[in-house]
Amino acid sequence: MFKKTTLAVLSIASSLGLSSTLLAQNNQHSQDHTHHTHENNDMAHHHEHGPMASDEMPKQAKLVTGQGDYIFSWDQELTAAFPEDAHEFEPGMHGGFNEDPETGIVYTGIPGYGLCSISQDLTKWSTLGTDQRLKDNIHGIVFFVHKGKKYLAVAQEGKRVLVLTLDGNIVSEISKPTGTEFKFAPANEFFASKDSNFGVTDVTYLNGTLYVAHGYSKGDFVMTIKEKGGEWSWAKLAWGGKGDNPGQFQTAHGIYAHEKHILVANRAAGQVVKFTKKGKFVEIFNDIPESSLICNVSYKDEHYFLNALQAIGEQKSAPLYVHTGEKLVSTVIPGDLDIPVLTNIHQVWPHFVTKNGSKQLYLLVHGWNKGKFAVLKMEK
């Protein structure tokens, strides 16, 4: 009787032990699957046991965002090409991008680190020039060709506008106006006041003229700069002023030349406003979602690319918009891609990488508020 009882107890204990082991293994697999949900899907999982049903489960689909033809994923490899010795300065990033359409080289600024060029394939970063002024915040930048020579111009909010060669040699420094430069009384009156500031936010170029947005100020204007005898200085044309009337601004933040017109990202109004090169109001883009604080505008692949400063409603980050000029065709939310830190966005720049005769569209994203550089890849 004793032997039968002992055997029965041992049998039950053995069964319970085996069940507990299997249960523990199943629970461990469940935890691993959850833990690796948002990690690189190519990462290998090593197991000591043979194949199990859980091993044959399909990998999680790549995270994507957007609609229609403009759907994007996060390119972690190109994002990681950001220079290692610039990481400490990345949280201060506050500018944007522009590029040489002939070479595909992209230009940007990192406060404290300097003016940078990025190779056409987005894999290599280099600094340009040794002038300490190039380490100040570059809030807006433009590449342009003037009289057959290539230049950059940068808007350094609170300080200056610089015109320089592609090797970082500064040609001209344009300082705050004194109030006598323009054929626009509101601008002259503002800059003649002792209370005026120099709130330049962006710069673009069209037909021999630099156009400067001055939106970080009560003097909310677009102003112009021209070259004479190799020197650049304020020109007569200016327009705008703070207000809600057509042609006025509520923070003229980004400025961009396209098809012989000037486009202004009127941030607080959530608008992209189109002007002639002489400053005559043409139109406002339709179909931009309400409450979008539009910071910048650029153009590629027969579409405009815009960005809001911050998230709207329950969005995980500020949105990027792909727009025809008439209607919105895609809303891209980088926050849906689980990109660390990136919440507010200062600029988006569309860029083609050409390789083996094929073109791939990427979006270069400049974060704001903690700073972040990221590259998004369009899915085909």
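Summarised in this report is the structure supplied together with it. Note that the structure is predicted; figures quoted are calculated from it, not measured.

## Concerning the pattern of salt bridges
When the charged atoms of two side chains with opposite charge come close together, those side chains can pair.
Phase 1 of the analysis: One pass over the full model with this rule turns up twelve salt bridges.
Phase 2 of the analysis: Residues Glu99 and Lys300 are paired through a salt bridge, measuring 3.7 Å at the closest nitrogen-oxygen approach. Placement of Glu99 in strand β3 (residues 97–99) and of Lys300 in strand β19 (residues 294–300) is noted, with a sequence separation of 201 residues between them.
Phase 3 of the analysis: Exposure remark for Glu99: the relative accessible area of 8% places this residue in the buried category.
Phase 4 of the analysis: Across the salt bridge formed by Arg160 and Glu173, the nearest N and O atoms sit 3.2 Å from each other. One end of the pair, Arg160, is in strand β9 (residues 160–165); the other, Glu173, is in strand β10 (residues 170–174), with 13 residues separating them in the sequence.
Phase 5 of the analysis: Given the relative accessible area of 38%, Glu173 is considered partly exposed.

## Re empty space enclosed by the protein
Phase 1 of the analysis: Applying the stated criterion across every chain yields a total of two cavities of 30 Å³ or more.
Phase 2 of the analysis: Of the voids in this model, the largest cavity is the one considered here, and its volume is about 70 Å³.
Phase 3 of the analysis: Around the largest cavity, the lining is made up of 13 residues, and of these Asn98, Asp202, Ile255, Tyr256 and Gln347 lie nearest the centre.
Phase 4 of the analysis: Listing elements by their share of the lining of the largest cavity, those giving two or more residues are β3, β7 (140–146), β11 (202–206), β15 (252–258), β19 and β23 (344–355).
Phase 5 of the analysis: Examining the composition of the lining of the largest cavity, we find that three residues originate from one element, β11, more than from any other.
Phase 6 of the analysis: The calculated volume of the second largest cavity comes to roughly 40 Å³.
Phase 7 of the analysis: In terms of lining, the second largest cavity is formed by Gly95, Gly96, Phe97, His139, Gly140, Ile141, Asp202, Asn296, His346 and Gln347.
Phase 8 of the analysis: Counting residues per element, the ones that place at least two in the lining of the second largest cavity are β7 and β23.
Phase 9 of the analysis: Of the residues assigned to the lining of the second largest cavity, the class counts are two nonpolar, seven polar and one charged.

## Some words on the environment of Val212
Phase 1 of the analysis: By secondary structure assignment, the location of Val212 is in strand β12 (residues 209–214).
Phase 2 of the analysis: Between the C-alpha atoms of Val212 and Val200, which are twelve residues apart in sequence, the distance is 6.8 Å.
Phase 3 of the analysis: Ignoring any residue separated from it by four or fewer positions in sequence, one finds Val212 in contact with Val161, Val200, Asp202, Val203, Phe221, Val222, Met223, Ile225, Trp234 and Ile255.

## As for the environment of Gly92
Phase 1 of the analysis: Here Gly92 is to be found in the loop between α2 (76–79) and β3.
Phase 2 of the analysis: Residue classification places Gly92 among the partly exposed residues on the basis of a relative accessible area of 37%.
Phase 3 of the analysis: Sequence-wise, Gly92 and Gly112 are 20 residues apart; in three dimensions their C-alpha atoms are separated by 8.2 Å.

## A word on the side chain of Thr331
Phase 1 of the analysis: With respect to the element layout, Thr331 can be found in strand β22 (residues 328–332).
Phase 2 of the analysis: Given a relative accessible area of 18%, Thr331 falls into the buried group.
Phase 3 of the analysis: Setting aside chain neighbours within four positions, we find Thr331 in contact with Thr65, Gly66, Gln67, Pro319, Leu320 and Tyr321.

## Thoughts on the packing of aromatic side chains
Phase 1 of the analysis: The full count for this structure, using the stated rule, is 23 aromatic pairs.
Phase 2 of the analysis: With centroids separated by 6.0 Å and ring planes inclined at 85°, the aromatic side chains of Phe184 and Phe221 adopt a geometry described as edge-to-face. You can see Phe184 sitting in the loop between β10 and α3 (185–192) and its partner Phe221 sitting in strand β13 (residues 221–228), a full 37 residues away along the chain. Here Phe184 and Phe221 have matching classes, each one buried.

## Quick look at the nonpolar core
A general feature of soluble globular proteins is that nonpolar side chains tend to end up buried together.
Phase 1 of the analysis: Within the largest apolar cluster, 30 residues are counted, with the highest numbers of intra-cluster contacts made by Ile110, Leu122, Trp125, Val272, Leu306, Leu364 and Phe373.
Phase 2 of the analysis: Going through the elements one at a time, β4 (106–110), β5 (114–118), β16 (261–266), β19, β20 (303–308), β23, β24 (358–368) and β25 (373–378) are the ones with two or more residues in this core.
Phase 3 of the analysis: Those residues in contact with Leu122, other than ones at most four positions away along the chain, are Leu78, Ala81, Val106, His351, Val353, Tyr362, Leu364 and Val375.
Phase 4 of the analysis: Ala153, Phe191, Ile225 and Ala238 belong to the second-largest nonpolar core, a separate cluster that totals 25 residues.

Procedures and definitions
In this convention, every chain numbers its residues from 1, walking through the sequence in written order. Only residues with pLDDT of at least 70 get local features here, since the model is predicted, and only at 80 or more are side-chain atom pairs given and counted; chain-wide, interface and lining totals rely on the full set of residues. The basis for the side-chain values is all heavy atoms of the structure; hydrogens and waters are excluded. A side-chain nitrogen of Lys or Arg and a carboxyl oxygen of Asp or Glu constitute a salt bridge if their distance falls within 4 Å. For the purposes of this entry, the term helix denotes a DSSP run of H or I that reaches at least four residues, the term strand denotes a run of E that reaches at least two, and both are numbered from the N terminus. For the exposure calls, accessible area comes from a 1.4 Å probe over protein chains only, and a residue counts as buried if that area is under 20% of its type's maximum, exposed if over 50%, partly exposed in between. Grid points spaced at 1 Å over the protein atoms alone were grouped into cavities, where a 1.4 Å probe fits but cannot get out, and pockets, open sets with protein on both sides within 12 Å along at least five of seven lines, with lining residues defined by an atom within 4 Å of a point. Grid points are joined across faces, edges and corners, and a volume is the space filled by probe spheres set on the points. Charged means Asp, Glu, Lys or Arg here, nonpolar means Ala, Val, Leu, Ile, Met, Phe, Trp, Tyr, Cys or Pro, and polar covers whatever is left, Gly included. In this description, contact between two residues means that some pair of their heavy atoms is separated by no more than 4.5 Å. In this scheme Phe, Tyr and Trp rings, the latter by its six-membered ring, pair at centre separations within 6.5 Å, and the angle between planes marks the pair as stacked below 30 degrees, edge-to-face above 60, and tilted otherwise. By nonpolar core we mean a set of buried residues, namely Ala, Val, Leu, Ile, Met, Phe, Trp, Tyr and Cys, connected to one another through side-chain atoms within 4.5 Å.

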